[in-house]
Amino acid sequence: MTDQLTTTIEKAPDAPPADADLATMLLIRHFELALLDLFARGELHGTTHTCLGQEYVPVALAPLLTGRDYVFSNHRGHGHYIARFGDPAGLLAEIMGREGGVCHGVGGSQHVFRDRYLSTGVQGESLPVATGVALHLKQHEPGALALTYVGDGTWGEGAVYEALNMASLWRLPLLVVVENNGIAQSTPTSAQLAGTIRDRAAAFGCAHLRVGSTDPAEIRAVAGPFVEGVREGAPLVLEFVTNRLGPHSKGDDTRPDAELRRVRAADWHARCAEALGEPFAVADAAAADRVARLVGEVAARPPAVWGRG
């Protein structure tokens, strides 16, 4: 791992991802679009928070993880789950409350548990829990790590700093992935976060890697050595400067038109479509068709019953 406390990954914005990465990114994109459509038609209950625009983040990180690692997700975690398990059917059944749901339909969109993966809608909760798990891993499963996904808004929670203090002091294998999309629900980051995430990480002696690229292969090439350093007890704050293409939750987007135009212009999906042309259109249509068929199949299942699946 580099000795630098902070490093930045940047690249020309039109670099297309590899085929396998693109396929997963498109699968997540159409999965999220399908959820918004289902809510708009009144076929889902509760709430959902999509990761539209951020799909490449978990896709880039998934190959750097092992089955021994823990992943703690948040309210905007569908992409995290799909990149980790490749199981859109189980997640969709969970959200729709149908048989085959990951948690028998009781967790819904935000609260999913499976094989060292846990998501929660409580902001800031995962970081102290992940720190405790990282302590366990250091003592009993050396070489494994705990990854927790947080947003820029979560840096307003005091538990973040208590967790970073302990992780740095005790040299824990903790990887904090920040999806900094520039807005906390409806509040711009500039209006709610003083200073920078980099400097806050530095205050605890934690390494910081800032990612501006959307190319999963490039991200892995640079972040890989840092992640291996985490396994050796060097906590890392991995900050993705990204964009939230969709609303905070379902249809409640309060951003002005000019900001929405900027976000859409920066979207990896539009840039890849322009760069790749017909091959992208074919892959995009295949992902859309797969998700449409999945929605039909899951919707036809009976309601989930606890203990039966």
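Residues numbered from 1 in each chain as written. Predicted model: local features only at pLDDT ≥ 70, side-chain atom pairs only at ≥ 80, totals over all residues. Heavy atoms only, no water.

Draft legend 1. Fine view of the pairing of strand β5 (residues 146–151). In terms of burial, β5 is a largely internal element, six of the six residues being buried. Burial along β5 is two-sided: Ala146, Thr148 and Val150 and Leu147, Tyr149 and Gly151, pointing in opposite directions, are all buried. Sheet topology places strand β2 (residues 70–73) next to β5; three bridges connect them, and they run parallel. When the sheet's bridge partners are listed, Phe72 is paired in β5 with Thr148. Note that β5 and strand β6 (residues 174–180) share six bridges and pair parallel. By the bridge assignment for β6, Thr148 is matched with Val176. What joins β5 to β6 is helix α6 (residues 158–169), and the crossover it makes is right-handed. (Buried < 20%, exposed > 50% of the residue type's maximum accessible area, 1.4 Å probe, protein only. Helix = DSSP H or I, 4+ residues; strand = E, 2+ residues; numbered from the N terminus. Pairing = 2+ DSSP bridges. Right-handed = clockwise from strand over helix to strand, strands pointing away.)

Draft legend 2. Just the packing of aromatic side chains, in detail. With the rule as written, the count across this model stands at seven aromatic pairs. On the numbers, 6.4 Å between centres and 65° between planes, the contact of Tyr56 with Phe240 is edge-to-face. Note that Tyr56 is positioned in helix α2 (residues 56–61) and Phe240 in strand β10 (residues 236–241), a separation of 184 residues in sequence. Summarising the burial analysis for this pair, Tyr56 and Phe240 share the class buried. The interplanar angle of 80° and the centroid separation of 5.6 Å between the aromatic rings of Tyr81 and Tyr117 together place this pair among those described as edge-to-face. In this pair, Tyr81 sits in helix α3 (residues 78–85) while Tyr117 sits in strand β4 (residues 117–119), placing the two residues 36 residues apart along the sequence. A single burial state applies to Tyr81 and to Tyr117, both of which are buried. Over the ring of Phe85 we find Arg114, and its NZ or CZ is 4.2 Å from the ring centre. (Phe/Tyr/Trp six-rings, centres within 6.5 Å; stacked < 30°, edge-to-face > 60°. Lys NZ or Arg CZ within 6 Å of the ring centre and 35° of its normal.)

Draft legend 3. Representation of the nonpolar core in the model. By size, the foremost hydrophobic cluster in this structure holds 56 residues, and its most contacted members are Leu61, Leu92, Leu147, Leu175, Val177, Leu238 and Phe240. With ten residues, the single largest contributor to this core is helix α1 (residues 19–40). In this view, Leu92 contacts Phe31, Leu35, Leu38, Leu294, Val295 and Val298; residues no more than four positions away in its chain are not counted. Counting residues in each nonpolar core, the second largest holds 23 residues, with Leu127, Val133, Ala144 and Leu172 among its members. (Core = buried A, V, L, I, M, F, W, Y, C linked by side-chain atoms within 4.5 Å. Contact = heavy atoms within 4.5 Å.)

Draft legend 4. Structural detail: helix α8 (residues 216–231). Its axis deflected by about 45° at Ala223, α8 carries its strongest bend there, up to four residues before the proline Pro225. All of the buried residues along α8 are Pro216, Glu218, Ile219, Arg220, Ala223, Gly224, Phe226, Val227, Gly229, Val230 and Arg231. Backbone nitrogen of Ala217 and a side-chain oxygen of the N-cap are separated by 3.2 Å at the start of α8; the cap is Asp215. Looking one or two places after α8, you find Gly233, whose phi comes out positive at around 105°. (Bend = angle between axes of the 7 residues up to and from the residue. Polar contact = N/O pair within 3.5 Å; in protein donor to acceptor, adjacent residues only side chain to side chain.)

Draft legend 5. The arrangement of the pattern of salt bridges in detail. All told, the structure shown has 14 salt bridges when counted by the stated rule. The salt bridge involving Arg262 is made with Glu259; its shortest N-O contact spans 2.8 Å. Of this pair, Arg262 and Glu259 both sit in helix α9 (residues 257–265), three residues apart, roughly one helical turn. (Salt bridge = Lys/Arg side-chain N within 4 Å of Asp/Glu carboxyl O.)

Draft legend 6. Representation of the pairing of strand β9 (residues 207–211) in the model. Counting buried positions along β9 gives four out of five residues, so the element sits mostly inside the fold. The sheet contact formed by β9 and β10 spans five bridges and is parallel. Each bridged residue has a counterpart across the sheet, and for Val211 the counterpart in β10 is Phe240. This β-α-β element, β9 to α8 to β10, shows right-handed connectivity.

Draft legend 7. Main features of unusual backbone geometry. The phi dihedral of Asp115 is positive, around 40°, even though this residue is not glycine. By the secondary structure assignment, Asp115 is in the loop between β3 (113–114) and β4. Of note, Arg116 is a non-glycine position whose phi angle comes to about 65°, a positive value. Along the chain, Arg116 turns up in the loop between β3 and β4. The exposure class of Arg116 is partly exposed, given its relative accessible area of 24%.

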